[in-house]
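Structure assessment
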Amino acid sequence: IWIKKGITIDEINNIISKKRTIKNIEKVLKILKDNGFIIAIVSGGLDIYFDTVLKDVKKYFDYIFINKLIVKNNKIVDINPTIFDFDNKIDAVKKICDEKKISLDEVIFVGDGINDIKVMKECGFGIALNPKDDLGNSPDVIINTDDLMDIIKYVK
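These lines cover the structure that appears in this document, whether it is placed above or below.

1. Observations concerning the side chain of T8
Its location among the elements puts T8 in the loop between α1 (2-5) and α2 (9-16). Assessed through its relative accessible area of 14%, T8 is described here as buried. Beyond its immediate chain neighbours, meaning those up to four positions away, T8 contacts N74 and K75.

2. Re the pattern of salt bridges
All chains considered together, the criterion is met by eight salt bridges. A salt bridge links E99 to K95, with the nearest nitrogen and oxygen atoms 2.9 Å apart. Of the two residues, E99 and K95 both sit in helix α5 (residues 89-100), four residues apart, roughly one turn of that helix. Look at E99 and you get partly exposed, because its relative accessible area is 42%.

Parameters at a glance
Residues numbered from 1 in each chain as written. Predicted model: local features only at pLDDT ≥ 70, side-chain atom pairs only at ≥ 80, totals over all residues. Heavy atoms only, no water. Helix = DSSP H or I, 4+ residues; strand = E, 2+ residues; numbered from the N terminus. Buried < 20%, exposed > 50% of the residue type's maximum accessible area, 1.4 Å probe, protein only. Contact = heavy atoms within 4.5 Å. Salt bridge = Lys/Arg side-chain N within 4 Å of Asp/Glu carboxyl O.

See below:
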């Protein structure tokens, strides 16, 4: 739809630049990295959001699986979709586990939507952070907060 409408990257940036990150995101990511955690993002979202709103924390991520916009002359011309969305998120987590020689039981997965249910059930610990959907009993804990530090007690 964006391609057909000729939406520009500037227009998208104008919208997403108004978004704010959750409080203490960089502090939490630094704590996790300093304590040996492997940090990944497995998202059906767009790289432009990650590259704009989360650009200051991108350095903390070991893996990034996300949809990538293909841009030419400030216009979206195509999208390179991630294969790791919806039911396939668990495949990204398993890929990381295989590469890092860790088990799924060691994985803490943080998600907020129905596309996170399957992966939360298969990982060692699932955190629903400000869930947008009813995730049933798939998360081990549900946290509604504006401060990411609230997850630290669950990952220690």
